[in-house]
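Examination of the molecular architecture
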Amino acid sequence: MKDIKEHTATSSETSKTIRITGSEAMMLSLIHEEVDTIFGYPGGAIMPIYDALMNYTDKLRHILTRCEQGAAHAAQGYAKVTGKVGVCMATSGPGATNLITGIANAMLDSTPIVCITGQVGAPLLGTDAFQETDVIGITMPVTKWNYLITRAEEIPEIMAQAFFIARSGRPGPVVIDIAKNAQFGELDFKYSRCHILRSYLPKPKIEMGNIYAAADLINKAKKPYILAGQGIILGDAEDEFRAFVEKSGIPTAWTILGACALPKDHPLNVGMLGMHGNYSTNIKTNECDLMIAVGMRFDDRVTGDLSRYAKQAKIIHLEIDKAELNKIVKADVPIHGDVKDSLPLLTNLIEKRSHEAWLQEFKEVDKIEYEKVIQKDLHPVKPGLTAGEVIHIINEKTGGDAIFVTDVGQNQMFASRYCKFKNKRSFVTSGGLGTMGFGLPAAHGAKIGAPGKEVILFVGDGGLQMTIQELGTINQTQAAVKIVLLNNKYLGMVRQWQQMFFQKRYSETFLLNPDFIKVAEGFGINGKKVVERPQLAAAIQEMLDFQGPFLLEVSIEKEDNVFPMVPTGASVSEVILEQKK
């Protein structure tokens, strides 16, 4: 083992050849890819790899989650805040299938993770052996790439390809299923990181003709509008995007996953798009004369009724994934390329302008939203506590210098609307799949990835109970995740829809909850419950000051609804600002 240890110390791209087992090759492959953390859960079919892991604990930290789904979500939280590839491991059968929700979540949100699953030995494949499932078949629709390793000799090349595919181009999840015989088998190990694959072009060549055409449209536009998506963040192009925005002078809105593309207090940042986005950002969509979509995919929660979406506007779409161009909204000028490269080319060609009169139109509409919605959310006069005022106090006490994580539902919408995103990669949420239960393990992964940052989770009572066992994982690592439980004793978002569109017929949305503080204490985590406003600020401060994980439960009003709201099937112009009497 001494030779292996000495070998792992090298940082060269190509390793020396050594004779080792497949399990050891997996560990060395991870080390060569600069992995430092693995989230996982052992079992029979992956036991050889876990045995080999014990020889590399000085370089690889393993975090034992309480469910494989938690491992996948934690790997995503880690990936989102670090920009690195997250890694998780599970055994065959139910271990692998428990990863599926997390893998699907990563696929829809373009999160780079590599999932390593154990599999029965190659001679047993297809025999319905104990804990055998067709992991490759099951994960094919929800992965960027997957592969079944049946021989130890395949491991170095396949692992190098896995990491290259996961992190390059439009990122995404990769599953590597490894048969047990390949873990025991031996190989002459030599590792070279992958930088190119035949027929895979993750960084397309940019057509300059389209750049010139886009610049011409931008320079002539009177009411241009920028839509910022997560592609800016995934492409590490926040600085390039900011330079483009500031030179163009164009009002800029963002999707929920593009929340950190531009600081929230930037003068050209006009707010969030979508079903629960800001009033101005939605209605001005159908008033602009030019729409510039950067690294976003025109999700239905952003567009509403497509037949009435921005029909008056010319469309420029900058996107790395060719499949997204003209898929939902036809672009007058599609720019296929990495936004880190295409944005500077465009910035060089546009004129420095100010659109102050157009920007002022957003501000005038914002006044309406503030009066009808925001003021009531952040500074309520009614006795019951609101999610908005909780977030408002946390903003004041952190100055926005924190990583905010959410689960899914009303807590997610309130947090995305009101959290003050100050830094890059400071918002972690489940976008495309909308996975309840995502928040707790993702927050843990985020804290592991950014230990020097305050990590604050906003979660509802429904979502928390879906992965509440991960409190045990947090207790075991003592990661100082601050959990803000917004408890309204209902499945809040579903209840809101039932109130608004189903005549208040609250079918199966009431929750008979446990004593969450006692549950947290059972897991060794300190907690406090707040039910009245006078205690709220002090309790938040206590949570922030506590050296370790902490659960703050806040009882909020049952009918603390999220507005504005664009109903399903409605135009983005048909925004509801308040509950009808």
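All values derive from a computational prediction rather than experimental measurement. (Residues numbered from 1 in each chain as written. Predicted model: local features only at pLDDT ≥ 70, side-chain atom pairs only at ≥ 80, totals over all residues. Heavy atoms only, no water.)

1. Some words on the pattern of salt bridges
One pass over the structure, following the stated rule, counts 33 salt bridges. Among the ionic pairs, Arg170 bridges to Asp321, the shortest N-O distance being 2.8 Å. Of this pair, Arg170 sits in the loop between α8 (155-167) and β7 (173-179) while Asp321 sits in the loop between β13 (314-319) and β14 (333-336); the two residues are 151 residues apart in sequence, bridging distant segments of the chain. Given the relative accessible area of 22%, Arg170 is considered partly exposed. Among the ionic pairs, Lys220 bridges to Asp216, the shortest N-O distance being 3.1 Å. With Lys220 and Asp216 both in helix α10 (residues 208-220), this residue pair falls four residues apart, about one helical turn. What makes Asp216 partly exposed here is its relative accessible area of 37%. Taken together, the shared-partner salt bridges in this structure form one network comprising Glu33, Glu34, Arg167 and Arg193. (Salt bridge = Lys/Arg side-chain N within 4 Å of Asp/Glu carboxyl O. Helix = DSSP H or I, 4+ residues; strand = E, 2+ residues; numbered from the N terminus. Buried < 20%, exposed > 50% of the residue type's maximum accessible area, 1.4 Å probe, protein only.)

2. Remarks on the packing of aromatic side chains
For the coordinates displayed, the defined rule picks out 15 aromatic pairs. Summarising the aromatic geometry, the rings of Trp358 and Phe362 are spaced 5.0 Å apart at their centres and angled 75° between planes, so their arrangement reads as edge-to-face. With Trp358 and Phe362 both in helix α16 (residues 356-378) and four residues apart, the pair spans about one turn of that helix. Assigned by exposure class, Trp358 and Phe362 land together as buried. Their ring planes at 70° and their centres at 6.0 Å tell us that Tyr490 and Tyr506 sit as a pair that is edge-to-face. Of the two residues, Tyr490 is situated in the loop between β18 (481-487) and α22 (492-501) and Tyr506 in the loop between α22 and α23 (516-522); the sequence distance between them amounts to 16 residues. You can call Tyr490 buried: its relative accessible area is 14%. Residue class for Tyr506 comes out partly exposed when judged on its relative accessible area of 24%. Following the ring pairs from residue to residue traces out a cluster consisting of Trp254, Phe404, Phe421, Phe427 and Phe458. (Phe/Tyr/Trp six-rings, centres within 6.5 Å; stacked < 30°, edge-to-face > 60°.)

3. Remarks on the pairing of β7
Within β7, seven of the seven residues are buried, which leaves the element mostly enclosed by the surrounding structure. Residue alternation in β7 divides its side chains into two sets, Pro173, Val175, Asp177 and Ala179 and Val174, Ile176 and Ile178, and both sets are buried. Where strand β5 (residues 113-119) meets β7, seven bridges bridge the pair, whose relative direction is parallel. Bridged to Ile113 within β7 is Pro173. You can see the chain leave strand β6 (residues 145-149), run along α8 and come back into β7, and the turn it takes is right-handed. (Pairing = 2+ DSSP bridges. Right-handed = clockwise from strand over helix to strand, strands pointing away.)

4. A look at the nonpolar core
Counting 102 residues, the largest nonpolar core has Phe241, Ile292 and Phe458 as the members making the most contacts within it. A total of seven residues in this core trace back to one element, the largest contributor, which is α16. Both domains that furnish three or more residues to this core are identified here as domain 2 (208-360) and domain 3 (383-556). The residues contacting Phe458, other than those within four sequence positions of it, are Ile391, Ile394, Phe404, Val405, Thr406, Asp407, Asn411, Ala415, Cys419, Val484 and Leu486. Grouped together as the second largest cluster of nonpolar side chains are 47 residues, Ile113, Ala442, Leu464 and Val481 included. (Core = buried A, V, L, I, M, F, W, Y, C linked by side-chain atoms within 4.5 Å. Domains from an automatic or database assignment. Contact = heavy atoms within 4.5 Å.)

5. Here we look at the sheet that holds β14
Taken together, the six strands give an open sheet; going across it, the order is β11-β10-β9-β12-β13-β14, and neighbouring strands pair in parallel fashion. With one partner strand each, in any of the chains shown, β11 (269-272) and β14 form the two edges of the open sheet. Across the sheet, the mean angle separating the axes of adjacent strands is 15° when strand polarity is ignored. Across five bridges, the pairing between strand β12 (residues 290-294) and β13 is parallel. Bridge pairing links Val294 to Leu318 in β13. Sitting on the sheet, helix α12 (residues 238-248) touches β9 (224-228), β10 (252-254) and β12, and the angle it makes with β9 is about 165°. (Axes fitted to C-alpha atoms, helices over the stretch in contact; angles between N-to-C directions.)

6. Brief notes about helix α15 (residues 339-349)
Considered for burial, the residues of α15 that qualify are Val339, Ser342, Leu343, Leu346 and Thr347. Buried residues in α15, looked at end-on, bunch into an arc of 135°, giving them a common side. Of the surrounding elements, those touching the buried residues of α15 are α10, α11 (231-234), α12, β12, β13 and β14. In this structure Asp338 caps α15, since a side-chain oxygen of it lies 2.9 Å from the backbone nitrogen of Lys340. (Arc of directions from axis to C-beta. Polar contact = N/O pair within 3.5 Å; in protein donor to acceptor, adjacent residues only side chain to side chain.)

7. A closer look at the state of the cysteines
Note on terminology: a disulfide is the covalent bond linking the sulfur atoms of two cysteines. Within this structure, the stated rule accounts for zero disulfides. Looking at Cys194, it has no disulfide partner, and the nearest cysteine sulfur is the one in Cys115, 18 Å off. A relative accessible area of 14% places Cys194 in the buried class. (Disulfide = S-S within 2.5 Å.)

8. A few points about the pairing of β14
Every second residue of β14 is oriented toward a common face, the buried set being Val333 and Ile335 and the non-buried set Pro334 and His336. With four bridges joining them, β13 and β14 adopt parallel strand pairing. Directly across from Leu318, in β14, lies its bridge partner Ile335.

9. What to know about the sheet that holds β7
Pairing within the open sheet is parallel, and its six strands lie in the order β3-β2-β4-β5-β7-β6. Of all the strands in the sheet, just β3 (61-64) and β6 have a single pairing partner and so form its edges. Strand-to-strand, the axes of this sheet are offset by a mean angle of 20°, without reference to chain direction. Bridge count for strand β4 (residues 86-90) against β5 is five bridges, and the pairing is parallel. Directly across from Gly86, in β5, lies its bridge partner Ile113. Most of the contacts of helix α4 (residues 68-82) go to β4, to which it runs at about 170°, and overall it touches β2 (37-40), β4 and β5.

10. Let's talk about the domain arrangement of the protein
Domain boundaries in the protein define domain 1 (2-189), domain 2 (208-360) and domain 3 (383-556). The distance between the C-alpha centroids of domain 2 and domain 3 comes to 31 Å. Contact residues are listed per partner, giving 17 residues for domain 2 and 20 residues for domain 3. Buried surface at the junction of domain 2 and domain 3, both sides included, amounts to about 1500 Å², of which 62% is carbon and sulfur. For the pair domain 2 and domain 3, the interface holds one salt bridge. Close ionic contact of Lys424 with Asp239 constitutes a salt bridge, the shortest N to O distance being 3.3 Å. (Buried area = accessible area lost by both parts, 1.4 Å probe.)

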